[in-house]
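Observations on the three-dimensional arrangement
Residues per chain, in single letters:
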Amino acid sequence: QVQLVESGGGLVQAGGSLRLSCAASGRTFSLYTMGWFRQAPGKEREFVAVITKNGGGTDVADAVKGRFTISRDNAKNTVYLQVNSLKPEDTAVYYCAAGPRVAYTPYDYTYWGQGTQVTVSS
């Protein structure tokens, strides 16, 4: 069992930055691939970024490439999402998730946090 708690969201102007964090409980954090997803009102949950268990591999969605960076600190049981050059279309609830392997759909992840709201004003 893994419990995930996101933090770091907020209201920011276009062009601004935030650092989202996701803290995991338990001793098995390093056994999980970690992903970030987001969901805007009226839209499906979409993939944002993923990082392998040891942090050696990452991937991000084309829509955020060059602006968002995923990282993790297994000693702190935490995964991060650095979001830069924010745009109004980045407005969404951002969720972190833990799963057994690198995947790009929500259905492949086992554990989810409650989400953190990111709102970007123009």
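Turning to the packing of aromatic side chains, a few remarks are in order. For the structure shown, the criterion picks out 7 aromatic pairs. Plain terms: the ring middles of Phe37 and Phe47 are 5.9 Å apart, the flat faces sit at 75 degrees to each other, and that makes the pair edge-to-face. Taken together, the positions of Phe37 in strand S4 (residues 33-39) and Phe47 in strand S5 (residues 46-51) put the pair 10 residues apart, joining distant regions of the chain. Accessibility classification places Phe37 together with Phe47 in one group, the buried group. A centroid spacing of 5.2 Å and a plane angle of 55 degrees characterise the contact between Phe37 and Trp112, whose relative ring orientation is tilted. Taken together, the residues Phe37 in strand S4 and Trp112 in strand S10 (residues 111-112) connect sequence positions 75 residues apart. An aromatic cluster is built from Phe37, Phe47, Tyr95, Tyr104, Tyr109 and Trp112, whose rings are joined through pairwise contacts. Directly above the ring of Tyr95 sits Arg45, whose terminal nitrogen or CZ lies 3.7 Å from the centroid. Taking the ring centre of Phe29 as reference, the NZ or CZ of Arg72 above it sits at 4.4 Å.

Procedures and definitions
Residues numbered from 1 in each chain as written. Predicted model: local features only at pLDDT ≥ 70, side-chain atom pairs only at ≥ 80, totals over all residues. Heavy atoms only, no water. Phe/Tyr/Trp six-rings, centres within 6.5 Å; stacked < 30°, edge-to-face > 60°. Helix = DSSP H or I, 4+ residues; strand = E, 2+ residues; numbered from the N terminus. Buried < 20%, exposed > 50% of the residue type's maximum accessible area, 1.4 Å probe, protein only. Lys NZ or Arg CZ within 6 Å of the ring centre and 35° of its normal.

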